[in-house]
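Listed below are the residues making up each chain.
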Amino acid sequence: MGRKFVVGGNWKMNGTKAQINEILGFLKAGPLNADTEVVIGVPAIYLDYVKSNAPANVEVAAQNAYKAEKGAFTGETSPLMLKDIGVNWVILGHSERRQIFGESDELIAEKVAFALSNGLKVIACIGETLDERDAGKTEEVVFRQTQAIANQIKDWSNVVLAYEPVWAIGTGKTATPQQAQEVHQSLRQWISKNISPEVANAVRIQYGGSVTGANAKELGSQADIDGFLVGGASLKPEFVSIVNARQ
C-alpha cells in the first residue's frame with residue numbers, strides 16, 4: 001500500500017460566515033479526488049459551524065490546541081473540547097506559532113503527544129527560516145524539530161509531518177520541486193535511521209509554502225511528497241485543483 005495523499009488547507013486567521021459559505025460551496029461542488037484525504041484548518045470560533053456544514057469527504061482541523069485537558073489557560077483550546085464537537089484533527093507547531101508566538105520545539109512536542117493521547121490526528125509542522133537555509137542549516141533544523149517530537153511519542157500512525165520552509169510561506173517563493181523533494185527524502189532517511197524504517201515508510205510528509213494550482217502537480221509527483229499544507233490558496237477555488245494534483 002502506498003501512502004495516501006493528504007492535502008490540508010490552513011485558513012489561518014481568515015474567514016467570516018459569508019466567506020466560509022463560499023469556501024464550503026466550492027468544496028461541495030468539487031469534485032475532490034476520492035484517493036486524497038482533505039483536511040481544513042479552521043479558526044477556533046468557526047470550528048463547530050464548519051464541522052456541521054462541511055461535506056462528508058472533508059475533515060476539519062483546529063489550528064492549535066494546548067497540552068492540558070482543562071484549567072487556567074485563558075484563550076486556549078484543549079483536545080477534549082475539540083473531540084467534544086466532533087473535530088478529529090489539529091495543526092500543531094506551525095511556523096507562525098514558532099516565530100510569532102515563541103513556541104519552543106519542546107512545547108510543540110508536548111502538545112503533539114497530548115493531542116495524540118486524546119485521540120486526535122496531528123499535522124505537525126517543521127521547517128527552517130531563510131537565515132537558517134542560507135546558513136546551510138536546513139537539515140539540522142528540521143531534524144532537531146522532528147527529534148523533539150520523537151522524544152515524546154512512540155506511535156506515529158496518527159501523525160502527518162508538514163515540511164514548511166518558512167521563507168516560502170506567503171512570500172510567493174516556492175522551493176523548487178527538486179529542493180522540496182531533497183528535504184523530504186533526507187527527512188525520511190533520518191526517520192528511518194533514528195526512529196524506524198517502518199515509520200519512515202508509513203509517515204506522510206506534506207509540503208507547505210506557496211503551493212498553488214499551477215505548481216501542485218509537479219510538486220505532488222515527487223516520490224517523498226505525500227501532500228500539501230496550503231495557506232492562502234485554500235481560501236480560493238483553486239484549492240480544488242491542488243487537492244486533485246495527483247489525478
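One can find the structure itself at the top, above this paragraph.
Residues numbered from 1 in each chain as written. Predicted model: local features only at pLDDT ≥ 70, side-chain atom pairs only at ≥ 80, totals over all residues. Heavy atoms only, no water.

**Describing helix 1 (residues 17-29)**
(1) Moving on: Its 13 residues place the ends of helix 1 18 Å apart at the C-alpha level, agreeing with the 18 Å of an ideal helix rising 1.5 Å per residue.
(2) Moving on: For helix 1, the set of buried residues is Ile20, Ile23, Leu24, Phe26 and Leu27. Take helix 1 and look down its axis: the buried residues cluster within an arc of 165°, on one side only. More than 90 degrees from the buried face of helix 1, the exposed residues found are Ala18, Glu22, Lys28 and Ala29.
(3) Moving on: Buried residues in helix 1 make contact with strand 2 (36-42), helix 2 (47-53) and helix 11 (239-243).
(4) Moving on: Positive phi shows up at Gly30, right after helix 1, with a value of about 45°. (Helix = DSSP H or I, 4+ residues; strand = E, 2+ residues; numbered from the N terminus. Expected span 1.5 Å × (residues − 1). Buried < 20%, exposed > 50% of the residue type's maximum accessible area, 1.4 Å probe, protein only. Arc of directions from axis to C-beta. Contact = heavy atoms within 4.5 Å.)

**Considering the side chain of Asn64**
(1) Moving on: Tracing the backbone through its elements, the reader meets Asn64 in the loop between strand 3 (59-62) and helix 3 (79-84).
(2) Moving on: What makes Asn64 buried here is its relative accessible area of 16%.
(3) Moving on: Engagement of the side chain of Asn64 in a polar contact is seen with the side chain of Lys111, the distance being 2.8 Å.
(4) Moving on: In contact with Asn64, not counting residues within four places along its chain, are Glu76, Leu82, Val90, Ile91, Leu92, Arg97, Glu103 and Lys111. (Polar contact = N/O pair within 3.5 Å; in protein donor to acceptor, adjacent residues only side chain to side chain.)

**Some thoughts on the environment of Lys67**
(1) Moving on: As for its position among the elements, Lys67 is in the loop between strand 3 and helix 3.
(2) Moving on: Since its relative accessible area comes to 33%, Lys67 is described here as partly exposed.
(3) Moving on: When the C-alpha atoms of Lys67 and Gly41 are compared, they prove to be 19 Å apart, with 26 residues separating the residues in sequence.
(4) Moving on: Apart from residues lying up to four places away in sequence, Lys67 is in contact with Leu107, Glu110, Lys111 and Phe114.
(5) Moving on: Within polar-contact distance, the side chain of Lys67 engages the side chain of Glu110 at 2.5 Å.

**Re the pattern of salt bridges**
(1) Moving on: A complete count under the given rule lists 11 salt bridges for this structure.
(2) Moving on: Here Glu110 ties to Lys67 by a salt bridge, and the two come within 2.5 Å at their closest N and O atoms. Linking Glu110 in helix 5 (residues 105-117) with Lys67 in the loop between strand 3 and helix 3, this pair joins segments that are 43 residues apart in sequence.
(3) Moving on: With a relative accessible area of 29%, Glu110 lands in the partly exposed category.
(4) Moving on: Glu103 is paired through a salt bridge with Arg97; the nearest N and O atoms lie 3.0 Å apart. Like Arg97, Glu103 is buried. (Salt bridge = Lys/Arg side-chain N within 4 Å of Asp/Glu carboxyl O.)

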